[in-house]
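Summary of structural features
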Amino acid sequence: MKKSLALIVPCYNEQEVLPLFYEETGKVLQKLSAGFQTELVFVNDGSADNTLNVLKQFAEKDPSVKYISFSRNFGKESAMLAGMEYAVHADYVGIIDADLQHSPDLITEMLYYVDQEGYDVAAAKREDRAGEAKLKSALSEGFYKVINRVSDTKISDSAQDFRIMKRKVVEAVLAMPERIRFSKGIFSWVGFNVKWIAHENRERAAGETKWSIRKLFRYAFDGILSFTDSPLRLSFLFSAIGAFLTLFCLVYALVRTIIGEYNALIPVILAAVFGVGAVILFVLGVFGEYLARIYTEAKGRPQYVVSETNTRS
Ligand code: UDP
Ligand code: MG
């Protein structure tokens, strides 16, 4: 029996690029069809444009096209999750962006490594950040420096979501129940034997990126807070600094009082009050961030809501 490959494609307002994506990826899958039973799993992440209709047209002509359409925009993480939950029956599960920034040609090579060379995962690694906004690259670099310093899970700057995984890897990823999902961290956390394939960054074939600076900041926050609890320990550091400053101020005030300058006490006390207040508020803020996440996880809401799909009959 042929082995099966399911390729997950998260789509958010991708009507412009989808026909081109389908054509290019179709060619690659066609070539693979001698050895594999292939399937395209499009996840429409609440697009406001014509994406769903485009997908339905593909599905009408091509029985290997599946679509899962969300009731609203839930984000790429949820789209990937929905795709994996559906596709876990396949021997190999791939994830690829719809905008052709992930070259479909690489699928053949990735599949070779997991199918023939004994790797569990074949994943793309970005070679450079060409074609990306300067500010975005700089911010990303800073973020990965911070996260790798504070987290035990190594999270690579250049690792992309573009990958093919064996079913056992997908099962491991699905076994992580968190609602706030940071896939880069999750893929790294599960481990396994990964073949990294260099992949040059390409410009989007059509349409626009869905990442605003605000969304990127949210993403960075989620990444750090999901994979390390070290910010919670910042309060120890601050209390040490605070203790040192208090001691310093006391000695300073004492000396000046002894030499007769009584007023020196007031600015010192004021500074101490404000300083301590600021530190306490900061630490409370960090606690609050984790608390908010615990709250989100505790509510246990579904990660997405499907409104239409051709995967259930
Ligand atoms: N995407 C999604 N939901 C979102 C945002 C993006 O499913 O809320 C999809 C999008 O359609 C694309 C992929 O995720 O297939 C990557 O998005 P994008 O190209 O905007 O990100 P970038 O490549 O700029 O990092
Ligand atoms: Mg893109």
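Residues numbered from 1 in each chain as written. Chains lettered and ligands numbered in written order. Predicted model: local features only at pLDDT ≥ 70, side-chain atom pairs only at ≥ 80, totals over all residues. Heavy atoms only, no water.

**Observations concerning the overall build of the protein chain**
- Within the protein chain, the secondary structure is distributed over ten helices and eight strands.
- C-alpha extents for the protein chain along the principal axes are approximately 95 × 40 × 35 Å.
- Within the protein chain, the fraction of its 313 residues that count as buried is 42%.
- Here the analysis covers contacts within the protein chain between residues at least 6 apart in sequence; of these, 83% occur between residues at least 24 apart.
- Looking at charge distribution, the protein chain has the averaged site of its 37 positive side-chain charges lying 4 Å from that of its 37 negative ones. (Helix = DSSP H or I, 4+ residues; strand = E, 2+ residues; numbered from the N terminus. Buried < 20%, exposed > 50% of the residue type's maximum accessible area, 1.4 Å probe, protein only. Contact = heavy atoms within 4.5 Å. Lys, Arg positive; Asp, Glu negative; His and termini not counted. Charge placed at Lys NZ, Arg CZ, Asp CG, Glu CD.)

**With respect to the site of ligand 1**
- Within the structure, ligand 1 sits among 18 residues, and E14, D45, D99, Q101 and T209 are positioned closest to it.
- Here an oxygen atom of ligand 1 sits 2.7 Å away from a polar atom, N or O, in the main chain of P10.
- Contact between ligand 1 and E14: an oxygen atom at 2.6 Å from a side-chain N or O atom of the residue.
- Classifying every residue of the shell around ligand 1 gives five nonpolar, four polar and nine charged. (Near = heavy atom within 4 Å. Polar contact = N/O pair within 3.5 Å; in protein donor to acceptor, adjacent residues only side chain to side chain. Nonpolar A, V, L, I, M, F, W, Y, C, P; charged D, E, K, R; others polar.)

**Topic: the packing of aromatic side chains**
- Scanning the entire structure with this criterion turns up twelve aromatic pairs.
- Between the aromatic rings of Y22 and F58, the centroid separation amounts to 4.1 Å while the plane-to-plane angle is 15°, which identifies the pairing as stacked. Of this pair, Y22 sits in helix 1 (residues 18-32) while F58 sits in helix 2 (residues 51-61), placing them 36 residues apart in sequence.
- Since its relative accessible area comes to 21%, Y22 is described here as partly exposed.
- Taking 5.4 Å as the distance between ring centres and 70° as the angle between the ring planes, the aromatic pair formed by Y112 and Y113 counts as edge-to-face. (Phe/Tyr/Trp six-rings, centres within 6.5 Å; stacked < 30°, edge-to-face > 60°.)

**Topic: the coordination of the magnesium ion (ligand 2)**
- Ligation of the magnesium ion (ligand 2) by protein atoms is provided by D99 (OD) and Q101 (OE1), these donors lying 1.8 to 1.9 Å from the ion.
- Overall, D99 belongs to the buried group, its relative accessible area being 4%.
- Relative accessible area serves as the criterion here: at 23%, Q101 is assigned to the partly exposed category. (Donors = N, O, S within 2.8 Å, 3.2 Å for Na, K, Ca; no water.)

**A few points about the sheet that holds strand 6 (residues 159-166)**
- Here eight strands make up an open sheet; going across it, the order is 7-5-6-4-1-2-3-8 and the pairing mixed. Whereas interior strands pair on both sides, the edge strands pair on one side only; in this sheet they are strand 7 (194-199) and strand 8 (306-309). Each strand of the sheet is rotated relative to its neighbour by a mean of 20°, with strand direction disregarded.
- Note: strand 3 (residues 65-70) against strand 8, three bridges, orientation antiparallel. When the sheet's bridge partners are listed, F70 is paired in strand 8 with V306.
- Across the face of the sheet, helix 4 (residues 106-116) comes into contact with strand 1 (3-11), strand 2 (36-44), strand 4 (92-95), strand 5 (121-126), strand 6 and strand 7 while running at roughly 50° to strand 6.
- Sitting on the sheet, helix 7 (residues 183-190) is in contact with strand 4 and strand 6, with an inclination near 45° to strand 6. (Pairing = 2+ DSSP bridges. Axes fitted to C-alpha atoms, helices over the stretch in contact; angles between N-to-C directions.)

**Some points on the packing of helix 5 (residues 134-150) against helix 8 (residues 213-227)**
- One way to put it is that helix 5 packs onto helix 8 with a least axis distance of 10 Å and a crossing angle of 10°. Here helix 8 runs roughly parallel to helix 5, going by the angle between their axes. Contacts between helix 5 and helix 8 involve L135, K136, L139, F143, V146, I147 and V150 on the former and, on the latter, I213, L216, F217, A220, G223 and I224.
- The residue inventory of the contact of helix 5 with helix 8, partitioned by class, reads eleven nonpolar, one polar and one charged. (Parallel < 35°, antiparallel > 145°, perpendicular 65-115°, else oblique.)

**Quick word on the pattern of salt bridges**
- Within the structure shown, the criterion is met by eleven salt bridges.
- For D97, the salt bridge is made with K76, and the minimal N-O distance between the two is 2.9 Å. Of this pair, D97 sits in the loop between strand 4 and helix 4 while K76 is found in helix 3 (residues 76-87), placing the two residues 21 residues apart along the sequence.
- K168 is the salt-bridge partner of D120, the closest N and O atoms lying 3.2 Å from each other. Of this pair, D120 sits in the loop between helix 4 and strand 5 while K168 sits in helix 6 (residues 167-174), placing them 48 residues apart in sequence.
- Using a relative accessible area of 9% as the deciding quantity, one classes D120 as buried. (Salt bridge = Lys/Arg side-chain N within 4 Å of Asp/Glu carboxyl O.)

**Structural notes on the pairing of strand 5**
- A large share of strand 5 lies buried, amounting to five of its six residues.
- For strand 5 and strand 7, the ladder comprises six bridges, and the chain directions are parallel. For R126, the partnering residue across the bridge sits in strand 7 and is H199.

**Some words on a nonpolar patch on the surface**
- On the surface, a cluster of nonpolar side chains totalling about 610 Å² of accessible area is made up of L237, I241, F244, L245, F248 and Y252.
- Relative to the helices and strands, F244 resides in helix 9 (residues 234-258).
- Relative accessible area serves as the criterion here: at 56%, F244 is assigned to the exposed category. (Patch = residues over 30% accessible without salt bridge, like charges linked within 9 Å, V, L, I, M, F, W, Y side chains within 5 Å. Areas by Shrake-Rupley, 256 points an atom, 1.4 Å probe, with all protein chains shown as cover.)

**Notes on the confidence of the model for the protein chain**
- Looking at the protein chain as a whole, its pLDDT mean stands at 86, while 96% of the residues score no less than 70.
- The least confident element of the protein chain is helix 9, whose mean pLDDT is 79; the most confident is strand 4, at 96. (pLDDT = per-residue confidence, 0-100.)

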